[in-house]
Amino acid sequence: MMEHGIFGFFTAMFFVIFIILSPPSSSFDIIDIGGQNLSHTAEASLIANYFLTHEDEAHYVYESIRASEDLAKNISSGNPVVTQELLNAFSWYALTSLPDFLRDEIVRGIAGVIVDETGVAMVRANVNLNSSKPLSDEDIQKIRSEFNYVKTVTRSITIAKPLIQNYRQENDSTIFIILLNKAIEMSAYVASTPTFQTVMDIVVDELSQGFLKSGLPERIVTEGDAFLNDQNNTLSIVKLVIESSNIERLISRSYNASKHVLDDLYNGDTLFLFATVINGFRGQQNPLIQSAFKFIEADFIINYMKEIGGNISSIYSDSSNTYVDVIGDVDFLAMIQSMLASTEAREFLPYNSSSEEDAIDGDCYQDVLDMLDAAKAGRIWALRMIDSIGKIPHGVLRGNLNFLGDMDMCVNVRSDINGYEVLGNVTRSSPRDPRFVRSKYCRAVLSSEDMDLDVAKVGVKPRITWGVCVPKTCKEDDVYGLLKLDVFQNTTANLQKVECLQETNITQDTAAIITISILCFFGFLVLCATAYVAMETREIVGGKTVTDGYVSGETTHQKGNVEEQRNDLKDVHIDEQNNKHTNINVVLNKYVLQSESDDQAANIASQNNDIHSNGASNDAGVTKQTVPTHKPVTIDTSIDREESLGIKIIKAFSLQANIPRILKAEASPGSIHCLHGIRFLSISWVILAHSVSLGFFKDSDQVWPLVNPDDVMTMMQRFTAQILISAGTPVDTFLMMSGTLLTYTQLEHIEKIKMSGSKVVRYVSFYFVTRIFRLMPVYILVLLVYTTLFTHMVYGPLMPVNLEYVTHCNDNWWTNLLFINNLVKTNEQCMEWSFYLSLDMQFYIVSLVLLFLMVLKLGMGIATTVTLVVGSMIITAWQQYQYTGDLLMWLQDDNGYLKNVYIAPWCRIGAFLVGLIFGVYLKKRPRKPLSKVIGFAGWTIATLVALTLKYCKYSVYMEGGDPWTRLQNAIYESFDRPVWAMCVAWVVFACHNKMGGIVNSLLSWGGFIPLSRLGYCIYLVHPIVILVHGFSRRSLFYVDDFGLVYLIVGHTTISLMCAFVLATAIEFPFMGIMKSMTGRM
């Protein structure tokens, strides 16, 4: 009979389950048997007679009732004492329901499972059943050890599906039963492993934290712990502790601790099951997930039934693959469409923000719901808004963290919402209807500092920028609040800020309108001047007049010859007998970055047979002034007449006067042709460097414009990339050439004024006035355009919301006009690249003293200049040692390098002073080549030294390179600029003295001459071109070698075009006006 004891035990267990789950009878007093109503006495007699003749059943019922009594004693809630009346009622209930229970198919099925599993256990235990001999205790222990309780329970639960559905009030609980069975399997298996203790420790730890957060410790302090022992409070206390605990974290920690055990159990990765459990848990809290889970569950059941074909054995034999197969057959697209179509947006996006600080404007929230409902209804305008939202791209681990979306599609959305319009199965009845729908583009910035990206090494903080399209009624704070709703709480946990781009309205900007009016005025002036000269040439207006460039009324060929003759004669004005002052046209023909209108800046002639820019001989007076001869040109001087200053000013703006002066590809016979090539290649070097620094790194703290930023850092580690890191070198080249040409062209003029007081005053006045007059017109116009129009010129998803440097121009423009923006408010510079102009002007002022010293006593002037060079090198070394850094590290942490070293005049004057000394030497020395040995040695030393200067820091920037010490950096910084200037001086010297070979042929190419004349305008406008292009892009830039070359060529070409227009309309006309005005003084 022992085998019947085992059967009775399980029968009693499921009898208790039946008591809990089955509905109670309506009455305990009367039992209807065979249509007869029996009294309690008759019922008891009938039942007693039955059990007397059925001993086994009586035994089972007895055990069941005893188990029920124990159960009632333990589960009584709200009753401090289990009364006898309650036990009697419970017993009557069991006896009344027992017949139906025993006849129930579910109970029979469960009983069959128990018998089946018991038989399997007996076979495994090698125990034979003998009806004549009872089982021994040892046999029973063997059967229990082999009995598969987990499988018995899971199979029984599957059979009891109708009861579970009735209890859960669901039509189909298949998914619930599957998950319940798997949870039982996992729990039982984990409990049998050493990992179980780890999991229990995690559970205790998390529940302990929940206990501390529940407020119970504080209650114990104030009330004592008596309430903990009160049975009436047990359930409420447990519930409070569980609710205060982080159950999701508990599940995650437990899974992580037992994952290897679970994976072994299922012979595969159990991450899917874990994710299902987590989502099921979240679904109890989140209505969006709960609603979505219902659709997933329904579709899963359909495909599950198809997959197993009604045979559930596959779940037990190969559960993991069964799940995979079912999921693979689910039509997620159709499921999502059904989900969206049957649910209102408010259910998906409930306004349940966890923070009052993240409040959302009511109109914004309603418009977002309308947009979502309209998208579900298939409205194209709403679908465009959703489609324009940024998607996760490829290459995220390489730094592609900018999910831009489609800004243009977003901002071009236009539609109407009418009153009582049905959207998403909901009739709209807002008092705002009908209303016009418009949208705006915003960027959500999320922190991703935990990502290990190479760009972080140079100060670029990794972050995710996500483009979103929202109704125009939403402001930045509203969008922030939307993304902080509980439905997004895990996705947007690292949300830092939201930036919404606003399209500017130029019609409301008075300063912009004034700037446009000024530009239109100059454009109109150019057209009028061009038309006037054209009519004058055809003798429609005026007569024959002698002009600076041609004779009106002559043929084109004659005009060309006259122009050539005039150009040769125009600077020969110094005649001590007829002119009592030095003509200003020849005083300031000094090279600066902006170039001269003609070739006077490069007109550095030798002492022997070339004409100097001022037409005078050298100090020794060996060679007299000579004038080139040309074929005679017939000019009707009888009708020549002097033009008024007003006419000259107007004609200075004509295209006929300026375009030929710019495009003329011929240099004067005595000029240094190689300067044109050096000038243009240097400005190209600047554009190359700015294409990277301004195009890629400008405002990188707000917007990151690259697809592969990590590759940029890899490129910087190349040997060839040192040309980018040495991007400050072209400025030293400009300063060196500026100093060289200043001493050459001005020393002789100062000598001629004989240091007379009035002449010195006149010279000094013209020295500064004409310099400012030549620089300022173009500079002021570009500064005005940049300050007032730049914000209207850029608009794109990569545009920074806060253009601080434009704001700096509104406040600090005066520092630019005074050429002190490298000394004052250096942290708030306007047009940061204009620091070179300030340097050049400051050195121009200082050089005047040195020029007078050189005229008074050449040796003293040279010694003073050399002393200043050495002093500059010492100061530079000290400043670099104190504020160590370079252009690349400046992005990471300036540490004062920019202000105290890079743009400081005392650190940058070395190259200019080297140029001053070189200009004296070039002037005094006859133009002739050196010996071949000296020439070869000079080229070898200059080349090796220059390459060493620019590439020696490769040891720092190469992959795995070692950083230099402060002392090494200080020494390098102090020698770099003046020594580089010496190397460039050798190139100029060798090329001018016929030792340049192929280098001179390249640098002296005629095509460089017109390009170099545009140098000043190119320098001013090219950063604006780069910034406008970068901020107006609609897509990210992929950096590779070819793409970078293409980008640089494009920037250079557009900058040339803009510079040509600027030079034609502003720079050269004002230079012509200056000559006309100074010629009359």
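Structure: above.
Remember, it's a predicted structure, so these values are computed and weren't measured experimentally.

### Points about the overall build of the protein chain
A tally of helices and strands in the protein chain yields 45 helices and nine strands. Scored against the burial criterion, the 1081 residues of the protein chain give a buried share of 47%. Considering only contacts in the protein chain between residues 6 or more positions apart, those separated by 24 or more positions represent 75%. Total accessible area on the protein chain stands at roughly 52,800 Å², and carbon and sulfur atoms take up 60% of it.

### Some thoughts on the packing of helix H28 (residues 674–697) against helix H44 (residues 1015–1032)
A packed helix pair is summarised by two numbers, namely the angle formed by the two axes and the spacing between the axes. Packing of H28 against H44 brings their axes to within 9 Å, and their N-to-C directions diverge by 20°. One way to sum up the angle between H28 and H44 is to call them roughly parallel. Note that H28 runs across H44; the crossing there is right-handed. Taken together, the residues of H44 that come into contact with H28 (itself represented by Ile683, Val686, Ile687, His690, Ser691, Leu694 and Gly695) are Gly1015, Ile1018, Tyr1019, His1022, Pro1023, Ile1026 and Leu1027. Partitioning the contact of H28 with H44 into residue classes produces nine nonpolar, five polar and no charged.

### A closer look at the nonpolar core
Grouped together as the largest cluster of nonpolar side chains are 179 residues, with contacts concentrated most on Tyr786 and Phe790. Membership of the second largest hydrophobic core comes to eight residues, among which are Met122, Ala125, Leu135 and Ile140.

### Focus on the state of the cysteines
Across all of its chains, the model carries four disulfides by this definition. Here Cys364 engages in a disulfide with Cys474; their sulfurs sit 1.9 Å apart. The chirality of the disulfide connecting Cys364 with Cys474 is right-handed, given an S-S dihedral of about 95°. Separated by 110 residues along the polypeptide, Cys364 in helix H20 (residues 362–376) and Cys474 in the loop between strand S8 (463–471) and helix H23 (476–483) bring together distant segments of the chain. Each member of the pair Cys364 and Cys474 is classed as buried. For Cys809, the disulfide goes to Cys830, at an S-S distance of 1.9 Å. On the S-S bond that ties Cys809 to Cys830, the torsion sits near 90°, and the link is right-handed. With Cys809 in helix H33 (residues 804–817) and Cys830 in the loop between H33 and helix H34 (835–856), this residue pair connects regions lying 21 residues apart in the sequence. By sequence order of its bonded cysteines, the protein chain has the disulfide arrangement 1-5, 2-4, 3-6, 7-8.

### Focus on the pattern of salt bridges
Per the counting criterion, the structure on display carries 16 salt bridges. Where Asp1041 meets Arg718, a salt bridge forms, and the shortest distance between an N and an O atom there is 2.7 Å. A residue pair is termed long-range when its members are at least 10 positions apart, and Asp1041 in helix H45 (residues 1041–1079) and Arg718 in the loop between helix H29 (709–716) and helix H30 (722–725) qualify at 323 residues. Across the salt bridge formed by Lys923 and Glu748, the nearest N and O atoms sit 3.1 Å from each other. Of the two residues, Lys923 sits in helix H38 (residues 905–924) while Glu748 sits in helix H31 (residues 729–752), which places them 175 residues apart along the sequence. For Lys923, a relative accessible area of 5% puts it in the buried group. For Glu748, a relative accessible area of 4% puts it in the buried group. A single network of salt bridges, built from pairs that share partners, joins Asp205, Glu206, Arg249 and Arg253.

### Examining H29
Across the eight residues that make up H29, a large majority, seven, are buried. For H29, the complete set of buried residues consists of Pro709, Asp710, Asp711, Val712, Met713, Met715 and Met716.

### With respect to the packing of aromatic side chains
Per the counting criterion, the structure on display carries 30 aromatic pairs. On the numbers, 5.7 Å between centres and 75° between planes, the contact of Trp964 with Tyr972 is edge-to-face. A relative accessible area of 12% means that Tyr972 is categorised as buried. Taken together, the ring pairs in this structure connect Phe521, Phe522, Phe653, Phe773 and Phe1070 into an aromatic cluster.

### A word on helix H35 (residues 858–882)
For H35, with 25 residues, the first-to-last C-alpha span of 36 Å sits near the 36 Å given by 1.5 Å per residue. Turning to H35, its buried residues number three or more, namely Gly861, Thr865, Val869, Ser872, Met873, Thr876, Gln879 and Gln880. Tucked inside the fold, the buried residues of H35 contact H34, helix H37 (897–902), H38 and helix H41 (966–992).

### Some details on the packing of H31 against H41
Relative orientation of the contacting elements H31 and H41 amounts to 60°, with a least axis distance of 9 Å. As summarised for this structure, H31 and H41 are arranged oblique, according to the angle between their axes. For the pair H31 and H41, the sense of crossing is right-handed. Together, Thr729, Asp732, Thr733 and Met736 of H31 and Arg977, Trp980, Ala981, Val984 and Ala985 of H41 make up the contact between the two elements. When the residues that make up the contact of H31 with H41 are grouped by side-chain class, the tally is five nonpolar, two polar and two charged.

About the thresholds
- Residues numbered from 1 in each chain as written.
- Predicted model: local features only at pLDDT ≥ 70, side-chain atom pairs only at ≥ 80, totals over all residues.
- Heavy atoms only, no water.
- Helix = DSSP H or I, 4+ residues; strand = E, 2+ residues; numbered from the N terminus.
- Buried < 20%, exposed > 50% of the residue type's maximum accessible area, 1.4 Å probe, protein only.
- Contact = heavy atoms within 4.5 Å.
- Areas by Shrake-Rupley, 256 points an atom, 1.4 Å probe, with all protein chains shown as cover.
- Axes fitted to C-alpha atoms, helices over the stretch in contact; angles between N-to-C directions.
- Parallel < 35°, antiparallel > 145°, perpendicular 65-115°, else oblique.
- Left-handed = near helix turned anticlockwise from the far one by under 90°.
- Nonpolar A, V, L, I, M, F, W, Y, C, P; charged D, E, K, R; others polar.
- Core = buried A, V, L, I, M, F, W, Y, C linked by side-chain atoms within 4.5 Å.
- Disulfide = S-S within 2.5 Å.
- Salt bridge = Lys/Arg side-chain N within 4 Å of Asp/Glu carboxyl O.
- Phe/Tyr/Trp six-rings, centres within 6.5 Å; stacked < 30°, edge-to-face > 60°.
- Expected span 1.5 Å × (residues − 1).

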